[in-house]
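Listed below, chain by chain, are the residues.
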Amino acid sequence: MASPVELLSLTNPVFKSYVFWVGVLVIKIVLMSLLTAIQRFKTKTFANPEDLMSPKLKVKFDDPNVERVRRAHRNDLENILPFFAIGLLYVLTNPSAWLAINLFRAVGIARIVHTIVYAVVVVPQPSRALAFFVALGATVYMALQVIAAAAF
Amino acid sequence: MASPVELLSLTNPVFKSYVFWVGVLVIKIVLMSLLTAIQRFKTKTFANPEDLMSPKLKVKFDDPNVERVRRAHRNDLENILPFFAIGLLYVLTNPSAWLAINLFRAVGIARIVHTIVYAVVVVPQPSRALAFFVALGATVYMALQVIAAAAF
Amino acid sequence: MASPVELLSLTNPVFKSYVFWVGVLVIKIVLMSLLTAIQRFKTKTFANPEDLMSPKLKVKFDDPNVERVRRAHRNDLENILPFFAIGLLYVLTNPSAWLAINLFRAVGIARIVHTIVYAVVVVPQPSRALAFFVALGATVYMALQVIAAAAF
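Everything numeric here is computed off the predicted structure, so don't read it as measured data. (Residues numbered from 1 in each chain as written. Chains lettered and ligands numbered in written order. Predicted model: local features only at pLDDT ≥ 70, side-chain atom pairs only at ≥ 80, totals over all residues. Heavy atoms only, no water.)

(A) Broad picture of the interface of chain A and chain B. In this complex, chain A contributes 35 residues to the contact, which on the side of chain B involves 32 residues. Across the interface of chain A and chain B, roughly 2,700 Å² is buried in total on both sides, 74% from carbon and sulfur atoms. For the chain A face of the interface with chain B, the top three residues by lost area are A:R74, A:L89 and A:A150, together amounting to 20%. Inspection of the region where chain A meets chain B yields 3 salt bridges. Between A:R68 and B:E50 there is a salt bridge, with its nearest N and O atoms 2.8 Å apart. The tally of links between chain A and chain B comes to 7 residue pairs in polar contact (both at pLDDT 80 or more). (Contact = heavy atoms within 4.5 Å. Buried area = accessible area lost by both parts, 1.4 Å probe. Salt bridge = Lys/Arg side-chain N within 4 Å of Asp/Glu carboxyl O. Polar contact = N/O pair within 3.5 Å; in protein donor to acceptor, adjacent residues only side chain to side chain.)

Laid out in structure tokens, this is it:
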């Protein structure tokens, strides 16, 4: 078995791919905050009294555009953050490079598509469901491989 | 001190245990999405217009069964995801195998119990509080050990 | 290039700093649960029927003090958890020690300040926005460095 030294080097194409997609998805997640802020200013929907730009405004929690971005953001936390943890451990199980790189790509692309069809341009279902399940399926597969590697 | 090479190998029983429980908990977290979906379909509670299965339905945000699963899910993000980060660093501090393995087990089992008594079969308190504090206590202990290892 | 063995050792001051701040921030995140609980008991705002301390109480979801702490907590998940993932990979890119240590410090201190001005003593804007953007900027910088290391 390859040692962690080689597995966690950027000379390992599997680790390199993991690192690339984590970088991209971290930026994607934090951009959701800016997307939320844009919607808050556009719709003048602020959740805290100290955020109100004018004394005429009141705190508001139910703007559908703000809430949509917040749901997409929360969905990212629910799905991308577990991928970060399991992806690293999956790299350490020394998987087939072709499969692993395509799983990381699938998660990365599916989660970007998920955000676009959910919170940027609303596209009818099942586009969001499909994007969701591609990333979920890849994550579950990696988790099962990781459990198998640890259990036997 | 053992080197990261040995610490992050599956031949290290502490790392093996960490890997096993992260795998199990990742699957547990993503299953919460399916549990939410089941409750959404059962109670016809959909948060987005494009998710409505029939033109007669309207978006709805206050179904108690859906919200209960969502609270359990969010509680997972608040507690399991920090454990993923601190658990890995705790492995790298080369802790006593017996203690570390039992801490990981405690977190894993406590968080599964937490979900069951919160979102599957509602069990009166203090069952949920106990499950919550077992995992929290183990996580804080690991964090303090990690801080001590880094500070001295 | 230094090998992962050296990079993930506590003899590497960059890794040591990362480990320290992850430990501190994990404790900070889980303390938000206790802060929420304190507000729930103070304002008698409980989200689950099984949590009600007296048969006269009803579930309640809209207490502004509870919701404020919950928003601060969620903001932590959105920003600190991606930092945990990207920080570790940034360590593995073998960055300049001075820069990396100060980036970790910036994230750690900014996120503690964010919680204080948001959920402990409410301080007028732009204090919260500033704390938010310092941590966000450092995280995005690390993510870009990590992407560059993986892409070339």
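(B) Quick look at the relation of the copies chain B and chain C. Of the two same-sequence chains, chain B is brought onto chain C (RMSD 0.0 Å, axial shift 0.0 Å) by a rotation of 120 degrees. Here the copies are linked by what is in effect a three-fold axis. Within chain B, the C-alpha atom positioned nearest to the axis of rotation is that of B:V5, 3.5 Å from it. Looking at the interface residues of chain B, only 20% of them are also at the interface in chain C, so each copy uses its own face. (Least-squares fit on C-alpha atoms with pLDDT ≥ 70 in both.)

(C) Region of the structure containing the packing of aromatic side chains. On inspection of all chains with the given rule, the structure shows 27 aromatic pairs over all chains. Ring geometry for C:F41 against C:F46: centres 5.2 Å apart, planes inclined by 75 degrees, an arrangement best described as edge-to-face. By relative accessible area, which is 4% here, C:F46 ends up buried. Taken together, the aromatic side chains of A:F15, A:Y18, A:F83, A:F84, A:Y90 and A:F104 make up a single cluster linked through ring pairs. One residue, A:R128, lies across the ring of A:Y118, its end atom 4.1 Å from the ring centre. (Phe/Tyr/Trp six-rings, centres within 6.5 Å; stacked < 30°, edge-to-face > 60°. Buried < 20%, exposed > 50% of the residue type's maximum accessible area, 1.4 Å probe, protein only. Lys NZ or Arg CZ within 6 Å of the ring centre and 35° of its normal.)

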